[in-house]
Amino acid sequence: MYYGYVRVSTKEQNEDRQLIAMREYGVRRKNIYVDKQSGKDFERTNYKRLIKRLKAGDVMIVKSIDRLGRNYSEIIEEWRKITQIKKADIVVIDMPLLDTTKNKDMFGTFISDLVLQILSFVAENERVNIRQRQAEGIAAAKAKGVKFGRPIVYKAEDYIELYERFKRKEISQKEAMAIMGVCESTYYRVINEIKEMDRKGELGKVYKNPW
């Protein structure tokens, strides 16, 4: 029996490319198992169902080697589980050398295992390099003053007292903007919201922050 396994890292990603590859290989749609979640761990419902269903002589097909795991040790372990414990075969579409249905003699097995270990190491090493480049990029951006994280939400009701001080001419518009610590567009958005509340007579119903 031929089975296909497809994984995309998030629900927003599209699995069509992998599904097309499975169909071109001849795998029936009902035998294709799909997971839409990160491969960071192996809490993958359909992957577990597929592994449980595999029997000796079955063939599991994946588009690329990283569908089996996200690091060197996980890929090797899953490969061992499928080929040695389950006694099933694996075909990696993107890497013809990783096809245990062919060359089942000792030399063929040696070549497959060797290629697997090299590719798994390269894949993990690339992920490490990507994380390092991301960390370096973030550090460089922070050094230039770029701020990360969620933007601050400026709510009109938090600045009613400030608005009233401005109305009483205790502070200027420039001083009010400096106290808020916002850009001009944000300042006018907040003030216009407060003015609208004032027009409707709603200011007295809202909590006033002391300044």
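Basis of the calculations
- By convention here, each chain's residues receive numbers from 1 onward along its written sequence.
- pLDDT decides what is reported in this predicted model: residues at 70 or higher carry local features, side-chain atom pairs at 80 or more are listed and counted, and totals for whole chains, interfaces and linings draw on all residues regardless.
- To get the side-chain values, take all heavy atoms of the structure and skip hydrogens and water.
- Numbering goes from the N terminus for both helices and strands, where a helix is a DSSP run of H or I of at least four residues and a strand is a run of E of at least two.
- The rule is simple: take the accessible area with a 1.4 Å probe, protein chains only, and divide by the maximum for that residue type; under 20% is buried, over 50% is exposed, in between is partly exposed.
- Contacts are residue-level and defined by heavy atoms, with any inter-residue pair within 4.5 Å sufficient.
- Values of accessible area rely on a 1.4 Å probe in the Shrake-Rupley scheme; residue burial ignores everything except the protein chains shown.
- The pairing criterion is simple: DSSP has to find at least two bridges between the two strands.
- Axis lines are fitted to C-alpha atoms, over the contacting stretch for helices. Their N-to-C directions set the angle, which ranges from 0 to 180 degrees.
- A helix is expected to reach a length of 1.5 Å times the quantity of its residues less one.
- The arc in question is the one traced by the directions running from the helix axis out to the C-beta atoms.
- pLDDT runs from 0 to 100 and stands for how confident the predictor is about each residue.
- What counts as a salt bridge is simple: a side-chain nitrogen of Lys or Arg found within 4 Å of a carboxyl oxygen of Asp or Glu.

Engineer: Would you take a moment to explain the overall build of the protein for this structure?
Structural biologist: Each helix and strand in the protein was counted, giving seven helices and four strands. For the protein, the α and β elements follow one another from N to C terminus as β-α-β-α-β-α-β-α-α-α-α. In the protein, buried positions account for 37% of the 211 residues. Of the contacts formed within the protein by residues at least 6 apart in sequence, a portion of 61% connects residues at least 24 apart. When the accessible area of the protein is evaluated, it comes to approximately 13600 Å², of which 54% is carbon and sulfur surface.

Engineer: Can you walk me through the sheet that holds strand β2 (residues 32–36) in this structure?
Structural biologist: Pairing between the strands of a sheet is mediated by backbone hydrogen bonds and can be parallel or antiparallel. Taken in spatial order, the four strands of this open sheet run β2-β1-β3-β4, and their pairing is parallel. The strands lining the two open edges of the sheet, one partner per strand, are β2 and β4 (89–92). Taking each pair of neighbouring strands and ignoring which way they run, the sheet shows an average axis angle of 20 degrees. Relative to the sheet, helix α2 (residues 45–53) contacts β1 (2–8), β2 and β3 (59–62), its axis offset from that of β2 by approximately 150 degrees. Helix-sheet contacts for helix α3 (residues 72–85) involve β3 and β4, and the interaxial angle to β4 is about 135 degrees.

Engineer: Whenever I open this one, helix α7 (residues 184–199) confuses me. Can you help?
Structural biologist: Each α-helix winds once per 3.6 residues, and so residues spaced three or four apart point in a common direction. Taking 1.5 Å per residue as the helical rise, α7 with its 16 residues ought to reach 22 Å, and the 22 Å between its terminal C-alpha atoms agrees with that figure. By the burial criterion, the buried members of α7 are T186, Y187, V190, I191, I194 and M197. Take α7 and look down its axis: the buried residues cluster within an arc of 125 degrees, on one side only. Exposed side of α7, more than 90 degrees from the buried face: S185 and R199 are the residues found there. Of the surrounding secondary structure, the elements contacted by the buried residues of α7 are α5 (160–167) and α6 (173–180). Where α7 terminates, the next one or two residues include G201, which has phi positive at roughly 75 degrees.

Engineer: Before we go on, may I ask you to explain the confidence of the model for the protein in this structure?
Structural biologist: Interpretation of the predicted coordinates at a detailed level should be avoided for regions scoring low in pLDDT. The predicted model of the protein averages 80 in pLDDT, with 85% of residues at 70 or higher. Every residue in residues 207–211 scores below 50 in pLDDT, and together they form 14 contacts with partners more than four places removed in sequence or on other chains.

Engineer: Looking at this structure, I do not really get the pattern of salt bridges. What am I missing?
Structural biologist: If charged atoms from side chains of opposite charge come close, those side chains can pair. As enumerated under the stated definition, the model contains 14 salt bridges in all. Here K55 ties to D58 by a salt bridge, and the two come within 3.8 Å at their closest N and O atoms. Of the charged contacts in the structure, one is a salt bridge between E170 and R165, with a shortest N-O distance of 3.7 Å. Counted as one network, the salt bridges with shared partners bring together E161, R165, R168 and E170.

Engineer: Which parts of the structure should I look at to understand the pairing of β2?
Structural biologist: Two faces, one strand: in a regular strand the side chains alternate between the faces of the sheet. Of all five residues making up β2, four are buried, and the element is well covered by its neighbours. Where β1 meets β2, five bridges bridge the pair, whose relative direction is parallel. Note on β2: the bridge partner recorded for R7 is D35.

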